[in-house]
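# Descriptive analysis of the structure
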Amino acid sequence: MTAIEQYLIDTYRASQHGTPMPPPPGRDDVATLRALRTAAQFEAALEGAPTTHPWRHALTRFLHRPRAC
């Protein structure tokens, strides 16, 4: 059973029982990822390590490098 199918069943049950509707699947995914990133940055700051990822700087350098003609 997929997450969507389970959500539809839960929504139907909630409407039949008069309980609050469940949140749709994936609604809080971005917020969860942001919280994980913030926690990792906080732990890095406590350890005295850089709070940014090296791949982000490498990607920025790659995307903004001068192009040869």
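To be clear, the structure that these remarks concern was listed above.
Residue numbers run consecutively from 1 along every chain, following the written order of its sequence. In view of the model being predicted, local features appear only for residues whose pLDDT reaches at least 70, and side-chain atom pairs are presented and counted only at 80 or more, with totals across whole chains, interfaces and linings using the full set of residues. To obtain the side-chain values, all non-hydrogen atoms of the structure were included, while hydrogens and water were left out.

## Describing the overall build of the protein
Note the following rule: Runs of H or I in DSSP of at least four residues are treated as helices and runs of E of at least two as strands, each being numbered from the N terminus. In this treatment the radius of gyration is a C-alpha quantity, and the globule benchmark scales as 2.2 Å times the residue count to the 0.38 power. Residue exposure (1.4 Å probe, protein chains only): buried if accessible area is under 20% of the type maximum, exposed if over 50%, otherwise partly exposed. Only the protein chains shown count as cover for residues, with accessible areas throughout obtained via the Shrake-Rupley method and a probe of 1.4 Å.
Each helix and strand counted, the protein has three helices and zero strands in total. Traced from its N-terminal end to its C-terminal end, the protein shows the element sequence α-α-α. The globule rule puts the C-alpha radius of gyration for 69 residues at 11 Å, and the 21 Å found for the protein is more than 25% above it. With the principal axes as the frame, the protein shows a C-alpha extent of 65 × 40 × 20 Å. Residue burial in the protein is summarised as follows: out of 69 residues, 4% are buried. With the model as given, the accessible surface of the protein reaches about 6,300 Å², and the carbon-plus-sulfur share is 62%.

## As for the pattern of salt bridges
As a reminder, the rule being used: Whenever Lys or Arg places a side-chain nitrogen within 4 Å of a carboxyl oxygen from Asp or Glu, that contact is recorded as a salt bridge.
With the rule as written, the count across this model stands at one salt bridge. Between Asp-28 and Arg-27 there is a salt bridge, and its shortest N-O distance comes to 3.4 Å. Of the residues examined, Asp-28 reaches a relative accessible area of 41% and is grouped as partly exposed. Judged by relative accessible area, which is 54%, Arg-27 ranks as exposed.

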